[in-house]
Amino acid sequence: MREEYRIQELLEREVYVGETRVGVITGERFHPRDELVRSMRIRVEDGIAEEYMRKPAEFAPLSKELVHSIRSDGGVKLSKSMRELQRRWRNTVRINEKLYAPDELLDRAVLDNDGLDLGNVTDLVKIKRTYKGLVIKPHYIVRTRQGLPDTIIVPVGQLARTTARLDEIILRCSMKRLVTLPSYLKLNGQGSEEE
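A. Representation of the overall build of the protein in the model. Helix and strand counts for the protein stand at 7 helices and 14 strands. Long-range contacts, defined here as pairs at least 24 residues apart, represent 46% of the contacts in the protein between residues at least 6 apart. With the model as given, the accessible surface of the protein reaches about 10900 Å², and the carbon-plus-sulfur share is 46%.

B. Structural detail: the pairing of strand S5 (residues 67-70). Two strands pair when backbone bridges link them, and S5 and strand S6 (residues 76-78) are joined in this way by 3 bridges, in the antiparallel orientation. Bridging from a neighbouring strand, Val67 pairs with Leu78 of S6.

C. Structural detail: the nonpolar core. If you look at the biggest cluster of nonpolar residues, it comprises 24 residues, and the most contacted ones within it are Val93, Leu105, Leu159 and Leu178. Counting only elements with at least two residues in this core, the list comes to strand S7 (93-95), strand S10 (117-127), strand S11 (130-138), strand S12 (152-155), strand S14 (168-171) and helix H6 (175-178). Discounting chain neighbours no more than four positions away, the residues touching Leu178 are Val154, Pro155, Gln158, Leu171, Cys173 and Tyr184.

D. Quick peek at the sheet that holds S14. Reading across from one edge, S12-S11-S10-S9-S14-S13 is the order of the 6 strands in this open sheet, with mixed pairing throughout. Where the open sheet ends on each side, the last strands, each with one partner, are S12 and strand S13 (159-163). Geometrically, the sheet is characterised by an average inter-axis angle of 40° between neighbouring strands, direction not taken into account.

E. Representation of a positive patch on the surface in the model. A cluster of like positive charges, contributed by Arg54, Arg83, Arg90, Lys126 and Arg129, occupies part of the molecular surface. Exposure remark for Lys126: the relative accessible area of 44% places this residue in the partly exposed category.

About the cut-offs
Throughout, a residue's number is its position along its own chain's written sequence, starting from 1. Selection of residues for local features in this predicted model requires a pLDDT of at least 70, selection of side-chain atom pairs for listing and counting requires 80 or more, and totals for whole chains, interfaces and linings are taken over all residues. As a rule here, side-chain values cover all heavy atoms of the structure and leave hydrogens and water aside. Helix and strand assignments follow DSSP, with helices taken as H or I runs no shorter than four residues and strands as E runs no shorter than two, numbered in order from the N terminus. Pairs of residues are marked as contacts when any of their non-hydrogen atoms sit within 4.5 Å. With residues, only the protein chains shown are counted as cover, and all accessible areas are computed by Shrake-Rupley using a 1.4 Å probe. Strands were regarded as paired on the criterion that DSSP finds at least two bridges between them. Each nonpolar core is a collection of buried residues, namely Ala, Val, Leu, Ile, Met, Phe, Trp, Tyr and Cys, held together in the definition by side-chain atoms within 4.5 Å. Burial classes follow relative accessibility: with a 1.4 Å probe on protein chains only, a residue under 20% of its type's maximum area counts as buried, one over 50% as exposed, and anything between as partly exposed. Axis definition: a line fitted to C-alpha atoms, over the contacting stretch in the case of helices. Angles run 0 to 180 degrees between N-to-C directions. Put simply, a patch holds well-exposed residues, over 30% relative accessible area, that have no salt bridge, with like charges counted together within 9 Å and Val, Leu, Ile, Met, Phe, Trp or Tyr side chains within 5 Å. What makes a salt bridge here is a side-chain nitrogen of Lys or Arg within 4 Å of a carboxyl oxygen of Asp or Glu, nothing more. Think of it this way: Lys and Arg go in the positive column, Asp and Glu in the negative one, and His and the chain ends go nowhere. Positions of charges follow a simple convention, taking NZ of Lys, CZ of Arg, CG of Asp or CD of Glu.

Structure representation (structure tokens):
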């Protein structure tokens, strides 16, 4: 994205690839370090979601680097094709029927469903071109109480929702339950190879 375009200028603008309306810009992740925020959020048109996503999602990321210019009608023109947008949407994590780019998840706090702050996302784990887990650096107190290593991998299937303003990811289960799940054990090298 050209530096002259700020998110405030782009909010609620329609997004186009050629003459195809892709969606409307709804905002971006709130984070104190701007360099970490490389994607905006868009509400995707139903027809586009059905045609270009494996499983349609109402909200998806839009990489800022794809923004080419502002059209004369006020819409945002993207520099790439629908195929490139589709490729990028495949490289996302689905949480509560919304797609998130990896940069939107890094450094977020992860809480279990009891409100326990486990730690922060430091990386993502990809297996066969699909994101399967978030690498989390647990807080010292959580690590010692639960007997955890320096990093753990939380399965993406256990991610229930995100909070926009507080920059958190909420899990579907408690920490106590999480460490007993087969998907958790497998990702953390403790389970059997059978699924």
